Amino acid sequence: MLGIGVFGGGVVQAATTSAPSVARGTPLTDTTLGPGTEIIAVDEISPALGYAVAYPTDRGRGSFFLVRTTNLGTNWTVQSALPLGSFRGPYGVGAVPMIQFVTPKIGYAWVQNGKLWVTTDVGATWSQLSRLGIQPSFVISGATMFVASDDCKGTIPSNGPAQCPSTLTQFRVGMTRPMHTATIPELGAPEGRAATVLVALSSSRLIVAEGVGGRTSLLETMNAGASWKLLNNPCHATDATQLLTLSTDQWLLYCFTGGGMTQGTSELWVSHNGSGSWSLVALANQSGRDMGHIRDVFATFSVSGNGRILFGALGGAGGGLEYSTDGGRSWTSANLSTAVFGGAPEYVSTFGATGAILDVQGGAQFRTINGLSWHKLAPLPAGRYHGDAICTRAQGTVAALGRPTPSPTVSGATPNPLNVSLRYPVVFTNRSDVACYLNGIPSVQPNAGPSHSLVGPASTQTAGNYPGAFVILRAHGGVANVSVVIERASDLTQHCTVRTARGFVVRFSPPSTFQVALRARALCANASTVSVNGVAAGV
């Protein structure tokens, strides 16, 4: 688990002057913390208890909050504001807040290039860990926490902290002041230090990776940093990013080096003798090499509670999740759509023997109980915003399809109405006596029309459109729109099972759902060929 750089110390109350005042236990809706409230960074510590970070995605000022679930993400309640500062507008992919709870009451919170905080009272107060360098990473074993960080004196070098000394700091879980600090020596990494702690095998034995740019070394200490030895490292041109221990005699080392757009070379190695020797069990790269069907994108791996299933949250352009049930030798892509075109940060939190929740920034959450089949969780229910409810058909809002616009075609070609990419404007008109709102990016599901039988998977989000707007439709004629694009089926002929859609359902936060009729349209039943942008004001 990665932590982020921190300095100094102190205690703060959970609420801050910039955070809205929300009573503990308040049910979480899509407006509780501000327009477009959503969940990210789930930490399910047991089947009966989980925590997450919630925040508003609208372009106004927002704050991060700790929220709680007791039914595996079906419903959430607010606990407290997190001490991670406020932000204006979408806070950005590179600053995802994270949490990790060690017990039902003790947990940690951090954000990239920020501070590392701990709570011992479920977020009522937060304390900042002290005496740490920059870019910390941490692991926890029992009641002991180890933090590796880089101790740069004065101005950080222009090439980053790679040339700064690295230290290992030991804390008792829940405490802010360290028990012990040791130097991590520079062993075998010619390109710099920048140590990252990978795993703690006991309260005194742990392994760190050192170095950058595909030239890393593995170091082990058996006595909490008093002495170190260099381990055999099979990753010669890639960076060691994760070390998983399926058992005391089975280690899995994941190595990755980027080649652009989070794609590159993935390697998975196994050792049965404490790194004395390694065997390659899975490999993928952009040149087409494949072993075990692991993906050639950066992934974050988690192990199920019983140690028998490996989950890989994919960070590449396609996103999604892969899993292995044979120790990493073969991988299968889970049958789910994250609905985010271009990928997004994803996180897996395991619970029980085989359960897990996959959380996608800007997308949906998925849950598995058996580790193999996944169920998409419903979005946060609609709340009220300044007294206004979400627009619904029952409330008096109607949805109508505007004139479709063909995409540019090959010069001289005659467009086939059933076989050309079309953009469909869907216009929502509020005909009631009271204002209502629509927000975010809806889910669009093609169907067969009046029978409502599904035709193909749900939509993905149009690239670059996250998170969508928050639009208030005035009474007696207020309008908003979304744009739905259905690609021509012929673009995916080799992989496409063609079906005909005669309508689609547009779903915002429950209970806002609209059925729209569609002139007969060919699309793929086994691939997502429908995309949608966020709601916008007007026609």
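Reading guide: rules and limits
Residues numbered from 1 in each chain as written. Predicted model: local features only at pLDDT ≥ 70, side-chain atom pairs only at ≥ 80, totals over all residues. Heavy atoms only, no water. Helix = DSSP H or I, 4+ residues; strand = E, 2+ residues; numbered from the N terminus. Buried < 20%, exposed > 50% of the residue type's maximum accessible area, 1.4 Å probe, protein only. Contact = heavy atoms within 4.5 Å. Areas by Shrake-Rupley, 256 points an atom, 1.4 Å probe, with all protein chains shown as cover. pLDDT = per-residue confidence, 0-100. Phe/Tyr/Trp six-rings, centres within 6.5 Å; stacked < 30°, edge-to-face > 60°. Pairing = 2+ DSSP bridges. Core = buried A, V, L, I, M, F, W, Y, C linked by side-chain atoms within 4.5 Å. Disulfide = S-S within 2.5 Å. Polar contact = N/O pair within 3.5 Å; in protein donor to acceptor, adjacent residues only side chain to side chain. Salt bridge = Lys/Arg side-chain N within 4 Å of Asp/Glu carboxyl O.

(A) The arrangement of the overall build of the protein chain in detail. Within the protein chain, the regular secondary structure consists of 0 helices and 43 strands. Burial analysis of the protein chain (539 residues in total) assigns 54% to the buried set. Residue pairs at least 24 apart in sequence account for 57% of intrachain contacts in the protein chain once pairs closer than 6 positions are excluded. As presented, the protein chain carries roughly 22,600 Å² of accessible surface, and 52% of it is formed by carbon and sulfur atoms.

(B) Molecular detail of the confidence of the model for the protein chain. Confidence in the prediction of the protein chain, expressed as mean pLDDT, is 85, and 86% of residues score 70 or more. Low pLDDT, under 50, characterises residues 1–17; the stretch is placed with 65 contacts to residues that sit more than four places away or in other chains. In this model, residues 408–419 is a region of pLDDT below 50 whose contacts with residues beyond four sequence positions or in other chains number 11 contacts.

(C) Here's a closer look at the packing of aromatic side chains. Counted according to the given criterion, the structure contains 13 aromatic pairs. Relative to F138, the ring of Y108 has its centre 5.8 Å away and its plane inclined at 45 degrees; by these criteria the two rings are tilted. On the criterion of sequence distance, the pair formed by Y108 in strand β7 (residues 107–110) and F138 in strand β10 (residues 134–141) is long-range, its members being 30 residues apart. A relative accessible area of 0% means that Y108 is categorised as buried. Among the residues examined, F138 registers a relative accessible area of 1% and is labelled buried. Residues Y254 and F301 carry aromatic rings whose centres are separated by 4.7 Å and whose planes lie at 70 degrees to one another, so their mutual orientation is edge-to-face. A residue pair is termed long-range when its members are at least 10 positions apart, and Y254 in strand β19 (residues 250–260) and F301 in strand β23 (residues 299–303) qualify at 47 residues. The exposure classification of Y254 matches that of F301, with both residues buried. Among the aromatic residues, ring-to-ring pairing joins Y254, F256, F298, F301 and W331 into one connected group.

(D) Region of the structure containing the sheet that holds strand β31 (residues 389–390). Ordered by their spatial adjacency, 3 strands build an open sheet running β31-β35-β38, and the pairing between neighbours is mixed. Of all the strands in the sheet, the pair left with one neighbour each is β31 and β38 (470–473). In this structure, strand β35 (residues 436–439) lies alongside β38, joined through 4 bridges in antiparallel fashion. If you follow C436 over to β38, its bridge partner there is L473.

(E) Structural view of the nonpolar core. Ranked by size, the top nonpolar core spans 32 residues in total, and within it L82, Y108, L116, L129 and M145 carry the most contacts. Per-element tally for this core: the top contributor is strand β3 (residues 49–56), with 4 residues. Counting 30 residues, the second largest nonpolar core, distinct from the first, contains C391, V444, V471 and L523.

(F) Expanded view of the sheet that holds strand β21 (residues 279–284). In spatial order, the strands read β18-β19-β20-β21-β22; together these 5 strands make up an open sheet with antiparallel pairing. Both edges of this open sheet fall to β18 (239–247) and β22 (290–291), since each of them pairs with a single strand only. The pairing of strand β20 (residues 263–271) with β21 spans 5 bridges and is classified as antiparallel. For W269, the partnering residue across the bridge sits in β21 and is L280.

(G) Spotlight on the state of the cysteines. The tally for this structure, following the rule as stated, stands at 3 disulfides. Note on cysteine connectivity: C391 is disulfide-linked to C436, with sulfurs 2.0 Å apart. Here the S-S torsion is close to 90 degrees, and the disulfide linking C391 with C436 is therefore right-handed. With C391 in the loop between β31 and β32 (397–401) and C436 in strand β35, this pair connects stretches of sequence that are 45 residues apart.

(H) Expanded view of the side chain of S271. You can see S271 is positioned in strand β20. Judged by its relative accessible area of 0%, S271 is buried. A polar atom in the side chain of S271 sits 2.9 Å from the backbone nitrogen of S275. For S271, the contacting residues outside a window of four places in its chain are D249, Q250, W251, G276, S277 and W278.

(I) Representation of the side chain of T392 within the structure. Inspection of the secondary structure assignment puts T392 in the loop between β31 and β32. Discounting chain neighbours no more than four positions away, the residues touching T392 are T397, P511, S512 and F514.

(J) Quick peek at the pairing of β19. Sheet analysis places β18 next to β19, joined by 7 bridges and oriented antiparallel. Paired with A240 across the strands is C255, a residue of β19. The pairing of β19 with β20 spans 9 bridges and is classified as antiparallel. Counted as the bridge partner of L252 is V270 from β20.

(K) Representation of the pattern of salt bridges within the structure. Counted under the stated rule, the structure contains 2 salt bridges. Notably, a salt bridge pairs R205 with E220, separated by 2.6 Å at the nearest N-O pair. One end of the pair, R205, is in the loop between β14 (196–200) and β15 (206–212); the other, E220, is in strand β16 (residues 215–221), with 15 residues separating them in the sequence. Linking K229 and E220 is a salt bridge whose minimum nitrogen-to-oxygen distance equals 3.7 Å. Take K229: its relative accessible area is 46%, and that puts it in the partly exposed class. One continuous salt-bridge network, built from bridges that share partners, spans R205, E220 and K229.

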